[in-house]
Amino acid sequence: MSVTPCGFTRTPEKGLARLHWGDTGWAVEGQPPDVPALRPLRGLEIEWPDGRVPLDGLLELAAAGVPLTAGHAPPWVPADLAALLTDRDWLGHAADGTARSLADLRREEHSVRLRRLAHPVTAAPQVSIVMATKRPALIGQALAQMERQRDVRAEVLLGLHGVRHDQVREAVSACSLPVRWVEADASVPFGEVLNRAAALASGDYLAKWDDDDWYGPRHLADLLMAMAYTGADVVGTTAEFFYLEPLKATVRRTTFASGASYPSEVWADHVAGGTILVAMAKFREIGGFPGLPRAVDLEFLKAAQKAEARIYRTHGLGYVLRRGLSADHTWQLPLAHFLKVAVNQWRGFRPSLLMEPSTAPLEAA
């Protein structure tokens, strides 16, 4: 299927339009669907014909990320598709005033669920998850989130950075995934620790993981889906949700500090560093991670561009970055920066619904 959500519009300018069965196929207000022209719409309301018709055109719209809804579904519509189409909770949010950004978020969550259905995973790929850490107290939580990943076969490669294996033995033993590790002195640059761990990989893809962030159960599957429908060499997400630990608050941003848009589903030169996914062959071609103490993600993306790798940024609704005091992170920005760029602020841990927060870890370690 060649249709993709590339170009998805977060904030639509218009309301719902009518999707119905025409003489030769699905039509929008009497015209054949034209995805670019549909981007400004909030979505499409389906009017079902009297009898059974092909669903291919409807599924192409779902694959493009166009939000679809229906008051009911005929019995000939597959149950999983019918359940999504008739789930109208996302329409119950005001689409104007101060609630506009929340309404847009619920709409995008609905769009992502439709994309997943229209771009099914045909075989579970083998993904090598690489994580370097100086904080043994966080390893158990990170491994638990890796275990939750769906529709992938994962192995874990730990770079113990100034940490001994006996400090994390219990957490590693409790993990159901294959786990291998290397030990490196604290003086070894962070990027070099990542490379030593990555050298143990046996998977087809390498996924970078940060020990203190939160990942939804379809994080890896969504990255692989985006790689499949775009043909990108490197895929990552937006850095959209942040948990500000000292303030015990969650913020969401959809723009840069300059006010420029920070869209998803676009070709880009920047993705969230803790979400980088790359095919192993391409990772080796790029030269691995730069052996630096800081800015490893940024420099890796620069090296990828120099190697003419194509980088794609997909949605960030299955990822939350934790931020404490700036001195605690290799990416040093004050908490005030995140408050400045926030389009939403909530007390406590409030991720996207795609994180399935009822089962996600909510507290800092």
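All of the points below concern the structure found in this document.

Analysis parameters
- Residues numbered from 1 in each chain as written.
- Predicted model: local features only at pLDDT ≥ 70, side-chain atom pairs only at ≥ 80, totals over all residues.
- Heavy atoms only, no water.
- Pairing = 2+ DSSP bridges.
- Helix = DSSP H or I, 4+ residues; strand = E, 2+ residues; numbered from the N terminus.
- Contact = heavy atoms within 4.5 Å.
- Polar contact = N/O pair within 3.5 Å; in protein donor to acceptor, adjacent residues only side chain to side chain.
- Phe/Tyr/Trp six-rings, centres within 6.5 Å; stacked < 30°, edge-to-face > 60°.
- Buried < 20%, exposed > 50% of the residue type's maximum accessible area, 1.4 Å probe, protein only.
- Lys NZ or Arg CZ within 6 Å of the ring centre and 35° of its normal.
- Axes fitted to C-alpha atoms, helices over the stretch in contact; angles between N-to-C directions.
- 1 Å grid on protein atoms, 1.4 Å probe; cavity = no way out; pocket = protein on both sides within 12 Å on 5 of 7 lines; lining within 4 Å.
- Points joined across faces, edges and corners; volume = space filled by probe spheres on them.
- Nonpolar A, V, L, I, M, F, W, Y, C, P; charged D, E, K, R; others polar.
- Parallel < 35°, antiparallel > 145°, perpendicular 65-115°, else oblique.
- Left-handed = near helix turned anticlockwise from the far one by under 90°.
- Core = buried A, V, L, I, M, F, W, Y, C linked by side-chain atoms within 4.5 Å.

Our focus in this paragraph is the pairing of strand E8 (residues 205–208). Pairing analysis gives 4 bridges linking strand E5 (residues 126–133) to E8, with the strands arranged parallel. Across the sheet, Val 130 pairs through a bridge with Lys 208, a residue of E8. Of the strand pairs in this sheet, E8 and strand E14 (residues 277–279) are connected by 3 bridges, and their pairing is antiparallel. From the neighbouring strand, Ala 207 faces E14, where its bridge partner is Leu 277.

What follows is about the environment of Glu 192. Take Glu 192: it is sitting in helix H7 (residues 190–198). Those residues in contact with Glu 192 that sit more than four places away from it in its chain are Pro 290 and Gly 291.

With respect to the element layout, Ser 352 can be found in the segment after strand E17 (344–347). Within polar-contact distance, the side chain of Ser 352 engages the side chain of Glu 109 at 2.9 Å. In terms of polar contacts, Ser 352 uses its side chain to reach the backbone carbonyl oxygen of Leu 317, at 3.3 Å. Sequence-distant contacts of Ser 352, that is, excluding residues within four places in its chain, are made with Glu 109, Phe 241, Leu 317 and Pro 357.

The description of an aromatic ring pair uses the distance of the two centres, along with the angle that the planes make with each other. The tally for this structure, following the rule as stated, stands at 14 aromatic pairs. With centroids separated by 4.5 Å and ring planes inclined at 55°, the aromatic side chains of Trp 214 and Phe 349 adopt a geometry described as tilted. Residue Trp 214 is found in strand E9 (residues 214–215), and its partner Phe 349 is found in the segment after E17; the two are separated by 135 residues along the sequence. For Trp 214, a relative accessible area of 0% gives the class buried. Cluster of aromatic residues (ring-pair linked, three or more members): Trp 21, Trp 26, Trp 48 and Trp 76. The residue whose ring lies beneath Arg 115 is Phe 8, and the NZ or CZ to ring-centre distance is 4.8 Å.

The strand order across the open sheet built from 8 strands is E7-E6-E5-E8-E14-E10-E15-E13, with neighbouring strands paired in mixed fashion. Two strands in the sheet have a free side with no partner beyond their single neighbour: strand E7 (179–184) and strand E13 (266–267). Here E13 runs beside strand E15 (residues 311–314); their pairing, made up of 2 bridges, is antiparallel. Across the sheet, Trp 267 pairs through a bridge with Tyr 312, a residue of E15. Those strands touched by helix H5 (residues 139–147) are E5 and strand E6 (153–161), and its axis lies near 165° from that of E5.

Residue position: Gly 22 is located in the loop between strand E1 (16–21) and strand E2 (26–28). Through-space distance from the C-alpha of Gly 22 to that of Leu 41 is 20 Å; in sequence the pair is 19 residues apart.

Let us now look at empty space enclosed by the protein. In total, this model carries 2 cavities of 30 Å³ or more according to the counting rule given. In this structure, the largest cavity occupies an estimated 80 Å³ of space. Forming the boundary of the largest cavity are 15 residues, of which His 219, Asp 222, Thr 237, His 315 and Gly 318 lie nearest the centre. Considered as a void within the structure, the second largest cavity measures approximately 40 Å³ in volume. Phe 8, Thr 9, Leu 38, Arg 39, Leu 41, Gly 65, Val 66, Pro 67 and Arg 107 are the residues that line the second largest cavity. Here the residues of the lining of the second largest cavity are counted per class, giving 5 nonpolar, 2 polar and 2 charged.

Moving on, we get to the sheet that holds strand E3 (residues 43–47). On the basis of which strands lie adjacent, the open sheet formed by 4 strands has the order E2-E1-E3-E4 and mixed pairing. Each edge of the open sheet is held by one strand with a lone partner, namely E2 and strand E4 (68–69). Note: E1 against E3, 5 bridges, orientation parallel. Bridge assignment links His 20 to a residue of E3, and that residue is Glu 47.

So, on to the packing of helix H2 (residues 56–63) against helix H4 (residues 100–118). Axis separation between H2 and H4 bottoms out at 7 Å; the angle between their running directions is 125°. The orientation of H2 relative to H4 falls into the category oblique. Remark: the crossing between H2 and H4 carries left-handed chirality. Between H2 and H4, the residues in contact are Leu 59, Ala 62 and Ala 63 and Leu 114, Arg 115 and Ala 118, respectively. A breakdown of the residues in the contact of H2 with H4 according to their chemical character gives 5 nonpolar, no polar and 1 charged.

On to the nonpolar core, then. Grouped together as the largest cluster of nonpolar side chains are 41 residues, with contacts concentrated most on Val 127, Met 146, Leu 158, Trp 209 and Leu 220. Elements supplying a minimum of two residues to this core: E5, H5, E6, helix H8 (219–230), strand E11 (241–244) and strand E16 (319–323). It is H8 that contributes the most residues to this core, 7 residues altogether. Discounting residues that sit within four places of it in the chain, Leu 220 has contacts with Val 127, Ile 129, Gln 149, Val 152, Ala 207 and Trp 209. Counting residues in each nonpolar core, the second largest holds 28 residues, with Ala 64, Trp 76, Leu 81 and Leu 114 among its members.

On to H5, then. All of the buried residues in H5 are Ile 139, Gln 141, Ala 142, Leu 143, Gln 145 and Met 146. Buried residues along H5 sit in contact with E5, E6, helix H6 (169–174), E9 and E16.

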